[in-house]
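Here are the chains, one letter per residue:
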Amino acid sequence: MRHIGTNSRAGRTRTAATAFVGVLALATLTAGCRAETVGATEPTATPKAPSTAASPTDDAKPSSPATPSSSGKKPSTKPTPQPKTLMSVGDRSKRVRELQARLRQIGHFDRSPTGYYGTATVASVQSFQGKRGLSRTGRTDTVTWQRLLRMTRKPTAQELNPPTDRPAAKPDARCMTGRVLCISKNSRTLSWMIDGRVVSSMDVRFGSQYTPTREGTFSVYWKSRHHVSTLYDSPMPYAMFFSGGQAVHYSSDFAARGYSGASHGCVNVRDEGKIASLFAQVRNGDKVVIYW
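Residues numbered from 1 in each chain as written. Predicted model: local features only at pLDDT ≥ 70, side-chain atom pairs only at ≥ 80, totals over all residues. Heavy atoms only, no water.

(A) Summary view of helix α3 (residues 119–131). Its 13 residues give α3 an end-to-end C-alpha distance of 19 Å, which sits within 8% of 18 Å, the value for a rise of 1.5 Å per residue. For α3, the set of buried residues is Ala-120, Thr-121, Val-122, Ser-124, Val-125, Phe-128 and Gln-129. Where the residues of α3 are buried, they touch α2 (94–105), β2 (140–141), α4 (142–151) and α6 (252–257). One or two positions beyond α3, positive phi appears at Gly-133, with a value near 75°. (Helix = DSSP H or I, 4+ residues; strand = E, 2+ residues; numbered from the N terminus. Expected span 1.5 Å × (residues − 1). Buried < 20%, exposed > 50% of the residue type's maximum accessible area, 1.4 Å probe, protein only. Contact = heavy atoms within 4.5 Å.)

If you want it as structure tokens, here you go:
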């Protein structure tokens with residue numbers, strides 16, 4: 001029994017010693033790991049070459065493209081030549097008459113050509129320019145004119161100088177003999193008659209209610225080709241006076257505005273070509289009849 005107890009005590013002693021060695025070894029290993037982590041010097045990183053790219057910041061913007069060298073040639077900046085004006089307000093010519101006839105062919109001029117570039121022609125040119133995407137200047141420049149030429153044909157003599165748009169009235173009985181300027185206020189026409197035959201006819205305009213054109217039978221007592229009114233300081237080309245200061249004459253205002261205006265008592269004609277021909281035929285002393 002004693003022997004057995006001794007052996008048992010010895011076994012316990014060996015077991016305790018073995019356990020102590022194991023604990024010591026574990027403690028050594030654990031302490032060694034901690035020492036390496038805390039006490040070891042951190043490895044020094046190999047320095048890298050500095051980056052050439054700038055570090056972005058919160059308000060960084062994309063870099064701008066490289067600026068070309070100041071020694072490089074700049075692109076040509078020659079200004080585009082502006083179209084040349086061919087016709088504009090106040091012009092009076094055969095070319096203006098052709099312009100109006102061509103505009104009338106395509107529905108941009110609603111009256112007979114007059115050869116005078118007035119407000120009606122300006123509005124017609126603006127209408128044409130607007131339809132073609134051109135600047136609505138109202139002036140006929142090289143671009144506008146070339147576009148119009150391509151879209152129209154050369155006007156005929158009838159288109160350039162059409163007969164009056166208004167049918168002439170039946171002549172008054174006083175107009176049936178001799179040489180007579182037979183003028184109807186009702187139809188707003190003037191018929192140049194010789195011995196009952198109508199030689200030519202044209203549209204006319206009269207005075208307003210405040211400056212009415214006189215009615216009755218008169219005679220031409222004075223002709224003035226380049227007359228200017230001394231009372232109103234307005235041009236009265238091809239004037240044929242028949243009663244005081246009232247005369248039959250060409251009116252650029254009538255040509256431009258039509259019947260939206262009125263004269264100061266004179267008989268206005270809007271077709272310059274027709275009244276120029278009439279002026280050449282009428283003589284002093286020829287009769288003038290104005291009636292309703």
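(B) Representation of the sheet that holds strand β10 (residues 267–269). Read from one edge of the open sheet, 9 strands run β6-β11-β3-β4-β5-β10-β9-β8-β7, paired in mixed fashion. Both outer strands of the open sheet, β6 (216–219) and β7 (222–228), are each paired with one neighbouring strand and no more. Averaged over all pairs of adjacent strands, the angle between their axes in this sheet comes to 30°, without regard to strand direction. When strand β9 (residues 246–250) meets β10, the two strands line up parallel, connected through 3 bridges. For Tyr-250, the partnering residue across the bridge sits in β10 and is Val-269. With respect to the sheet, helix α7 (residues 272–281) is in contact with β3 (179–184), β4 (189–194), β5 (197–205), β7, β8 (235–243), β9 and β10, its orientation differing from that of β8 by roughly 50°. (Pairing = 2+ DSSP bridges. Axes fitted to C-alpha atoms, helices over the stretch in contact; angles between N-to-C directions.)

(C) Summary view of the side chain of Ser-201. Within the secondary structure, Ser-201 is located in strand β5. There is a polar contact of 3.5 Å between the side chain of Ser-201 and the backbone oxygen of Leu-190. (Polar contact = N/O pair within 3.5 Å; in protein donor to acceptor, adjacent residues only side chain to side chain.)

(D) Looking closely at unusual backbone geometry. The phi angle at Arg-188 is positive, at roughly 55°, despite the residue not being glycine. Counting through the fold element by element, Arg-188 comes out in the loop between β3 and β4. On the accessibility criterion, Arg-188 (27% relative accessible area) is partly exposed. Its identity is not glycine, yet Tyr-238 carries a phi of approximately 60°, on the positive side.

(E) Structural context of the nonpolar core. In this structure, Leu-181, Ile-183 and Val-248 are the most contacted members of the largest nonpolar core, which totals 25 residues. Ignoring anything within four residues of it in the chain, the contact list for Ile-183 reads Thr-189, Leu-190, Val-204, Phe-206, Val-248, Val-267, Val-288, Val-289, Ile-290 and Tyr-291. One finds Val-96, Val-125, Phe-128 and Leu-148 within the second-largest nonpolar core, a separate group that totals 11 residues. (Core = buried A, V, L, I, M, F, W, Y, C linked by side-chain atoms within 4.5 Å.)

(F) Structural detail: the state of the cysteines. Under the definition given, this model contains 1 disulfide. Across a sulfur-sulfur distance of 2.1 Å, Cys-175 and Cys-182 are joined as a disulfide pair. As the torsion about the S-S bond is roughly 80°, the Cys-175-Cys-182 disulfide counts as right-handed. With respect to burial, Cys-175 and Cys-182 carry one shared label: buried. (Disulfide = S-S within 2.5 Å.)

(G) Focus on the packing of α3 against α4. Contact pair α3 / α4: the axes reach a minimum separation of 11 Å and the direction vectors enclose 80°. Our classification of the angle between α3 and α4 gives roughly perpendicular. Here Val-125, Phe-128 and Gln-129 of α3 lie close against α4, whose contacting residues are Thr-144, Arg-147, Leu-148 and Met-151. Partitioning the contact of α3 with α4 into residue classes produces 4 nonpolar, 2 polar and 1 charged. (Parallel < 35°, antiparallel > 145°, perpendicular 65-115°, else oblique. Nonpolar A, V, L, I, M, F, W, Y, C, P; charged D, E, K, R; others polar.)

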